[in-house]
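Chains, contacts and geometry: an overview
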Amino acid sequence: MMRVLRRKIVALVVAAYVAFSLYAAYNVFFSKRIMSRVHRVVKKISAGDAKLDPKHAQAPSTVEKEWNPWEEELAKEINIQQKRGDAFKGQLDLIAKGRTKRYKVQIWGKAAIGLYLWEHILDGPLNPTDKTGQWREGEILSGKINFSFYTGPAVVQGHIPVDTDSVVLVLNGREQQKISYSTQWLQHAHALVQAHTVTHVAVVLLGSEQCTNDWISPYLRRHGGFVDVLFLVYDSPWVNDKDVFQWPLGVATYRQFPVIMPTAQLVNTNRPYLCNFLGTVYKNSSREILMNILKQYNLEKECITNAREKWLPQETTESLRQYQSALAQSELTLCPVGVNAECYRIYEACAYGSLPVVEDVQTKGRCTEGRSSPLRLLKEAGAPFIFVKDWKELPAILQSERGMSQAQREERRRRLLEWYSGFRQQMKERFTEVLEDAFFKVS
């Protein structure tokens, strides 16, 4: 029995061995090769190997590349980083485009109207604050321009640090001595242009009261000169709003008239006088007519008057105080013409909320005559003044004033102060925009 059992076991082992051998042979010779994707590694045949052994070279389409299990994930990560980089660069480009470009312009104030431009129009600071300072300067941003301002006796040719190629000269051309001085500054600016130190030049000019400004004409670019833009005081026929723009006369800064800030007191205080006139009375002028009417109608008690026969160029501390007090205590400020209809008194009255009564007549000279002249700039800006053709209209105007309530007077002062503030802002924007366009082609 034991022998039979052993034979059966041996037979089973032999049969199993034969069966396993046959199965192994079948897989080796007849079955398709199946490999795990994870463990499949195929050696890449390089082009150099193919050249060395043409028998083993295969067509490119039949050569399998070495598979990297992290290749897809790496490609995705690279793509994500690339997109993030592109997005960040795009954000930087947008920020750069959105950042406002700044330009620099220097203003050289060599006439008193430069202080009106800087302190009253541009609202710029000055250091030192002492008005007797030999060298005063300040900086301010308006629009896209960083303005720097230099003024004072020590501001002389060749001693101003020029850190920009754009300059504005503020000059006086009212009389021959002033013209000679202004010409020297223009020649200095021309030398800087020729030396390529300065490229752009504008001029703010206190012109002739009779609009005779031919001396500056050769310096204008349209006549072959180098001055790109001219801002000119008074109703000159040159004004075209292209390269010549009208500029306000402003207050008498040469007599130390200060910047007056609007306050509730200027609006609400009860003013004891109907009108005022403090100034020079020229013989055979409308100012003589005005003074006669004040006397004839016994208006001197209701109006502050202080007439002098000779013009005084200098203001004392006391005379300035008296003048400012008269403006602050009067409902109306009488503004008769001098050599020109536009006078400092108009702007000084506005600063105190005292309504200007302006003589609206054409003066002698070459200033523009027309429907909007004289005082073209102020009229176009909607100045809420009382305009008269003859001072004989004054008694009726004052009679109307007597009938106004305090509330009506306060409302009128408020509107006048608001208008004057808006007018100065309008001049600031015009000045800035004209230079942006003329100097830097900013649209």
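Thresholds applied
Residues numbered from 1 in each chain as written. Predicted model: local features only at pLDDT ≥ 70, side-chain atom pairs only at ≥ 80, totals over all residues. Heavy atoms only, no water. Buried < 20%, exposed > 50% of the residue type's maximum accessible area, 1.4 Å probe, protein only. Helix = DSSP H or I, 4+ residues; strand = E, 2+ residues; numbered from the N terminus. Pairing = 2+ DSSP bridges. Right-handed = clockwise from strand over helix to strand, strands pointing away. pLDDT = per-residue confidence, 0-100. Contact = heavy atoms within 4.5 Å. Axes fitted to C-alpha atoms, helices over the stretch in contact; angles between N-to-C directions. Disulfide = S-S within 2.5 Å. Phe/Tyr/Trp six-rings, centres within 6.5 Å; stacked < 30°, edge-to-face > 60°. Lys NZ or Arg CZ within 6 Å of the ring centre and 35° of its normal. Core = buried A, V, L, I, M, F, W, Y, C linked by side-chain atoms within 4.5 Å. Parallel < 35°, antiparallel > 145°, perpendicular 65-115°, else oblique. Nonpolar A, V, L, I, M, F, W, Y, C, P; charged D, E, K, R; others polar.

Details of the pairing of strand β8 (residues 273-280)
Burial runs high along β8: seven of the eight residues are buried. Across three bridges, β8 lies against strand β10 (residues 330-335) in parallel orientation. Residue pairing across strands places N276 opposite T333, the latter belonging to β10. Summarising the sheet, β8 and strand β9 (residues 303-308) pair through six bridges and their orientation is parallel. Residue pairing for β9: G279 is matched across the bridge by A307. Between β8 and its parallel partner β9, the chain crosses via helix α7 (residues 286-296), and the hand of that crossover is right-handed.

A few points about the confidence of the model for the protein
Summing up the model confidence of the protein, the mean pLDDT is 87 and the portion of residues at 70 or higher is 80%. Considering only residues more than four positions removed or in separate chains, one finds that residues 31-63, a stretch of pLDDT under 50, has 15 contacts.

Some points on the sheet that holds strand β12 (residues 386-388)
Overall, parallel pairing links the five strands, which are arranged β9-β8-β10-β11-β12 in an open sheet. The sheet is open, and its two borders are formed by β9 and β12, each paired with just one other strand. The sheet shows a mean angle of 20° between the axes of neighbouring strands, taken without regard to direction. Both strand β11 (residues 355-359) and β12 contribute to a ladder of three bridges, which runs parallel. By the bridge assignment for β12, E359 is matched with V388. Along the sheet, helix α11 (residues 394-402) makes contact with β8, β9, β10, β11 and β12, crossing β10 at roughly 165°.

Quick look at the state of the cysteines
Applying the stated criterion across every chain, the model contains two disulfides. Between the sulfur atoms of C211 and its disulfide mate C367 the distance is 2.0 Å. Taking the sign of the S-S torsion, about 90° here, the bridge from C211 to C367 comes out right-handed. Taken together, the residues C211 in the loop between β5 (200-206) and β6 (229-233) and C367 in the loop between β11 and α10 (376-380) connect sequence positions 156 residues apart. On the basis of relative accessibility, which here comes to 8%, the residue C367 falls in the buried class. Here C275 is linked by a disulfide to C303, with a sulfur-sulfur distance of 1.8 Å. What sets the handedness of the C275 and C303 disulfide is the S-S torsion sign, and at about 100° it is right-handed. Note that C275 is positioned in strand β8 and C303 in strand β9, a separation of 28 residues in sequence. Since its relative accessible area comes to 0%, C275 is described here as buried.

Things to note about the packing of aromatic side chains
Taken as a whole, this structure holds 20 aromatic pairs when the rule is applied. Taking 6.2 Å as the distance between ring centres and 80° as the angle between the ring planes, the aromatic pair formed by F257 and Y352 counts as edge-to-face. In this pair, F257 is assigned in the loop between β7 (244-247) and α6 (264-268) and Y352 in the loop between α9 (344-351) and β11, connecting sequence segments 95 residues apart. You can call F257 buried: its relative accessible area is 5%. When its relative accessible area of 9% is taken as the criterion, Y352 is described as buried. Cluster of aromatic residues (ring-pair linked, three or more members): Y116, Y347, F385, F387, W419, Y420 and F423. The ring centre of F387 lies 5.5 Å from the NZ or CZ of K379, which sits over that ring.

Examining the nonpolar core
In terms of nonpolar packing, the biggest core is built from 91 residues, with I107 and F431 touching the most fellow members. It is helix α12 (residues 406-440) that contributes the most residues to this core, twelve residues altogether. With residues up to four places along the chain from it excluded, the contact list for I107 reads L117, W118, L122, F147, S148, F149, Y150, V168, V170 and F431. Ranked by size, the runner-up nonpolar core spans 27 residues in total, among them W108, V167, L169 and V198.

Quick look at the packing of α9 against α12
For any two helices packed against each other, one specifies the crossing angle of their axes together with the interaxial distance. Two numbers describe how α9 lies on α12: the axes approach to 8 Å, and their chain directions differ by 120°. As far as their axial angle goes, α12 and α9 are oblique. Contact residues: Y347, C350 and A351 in α9; L416, L417, W419, Y420 and F423 in α12. In terms of residue class, the contact of α9 with α12 is built from eight nonpolar, no polar and no charged.

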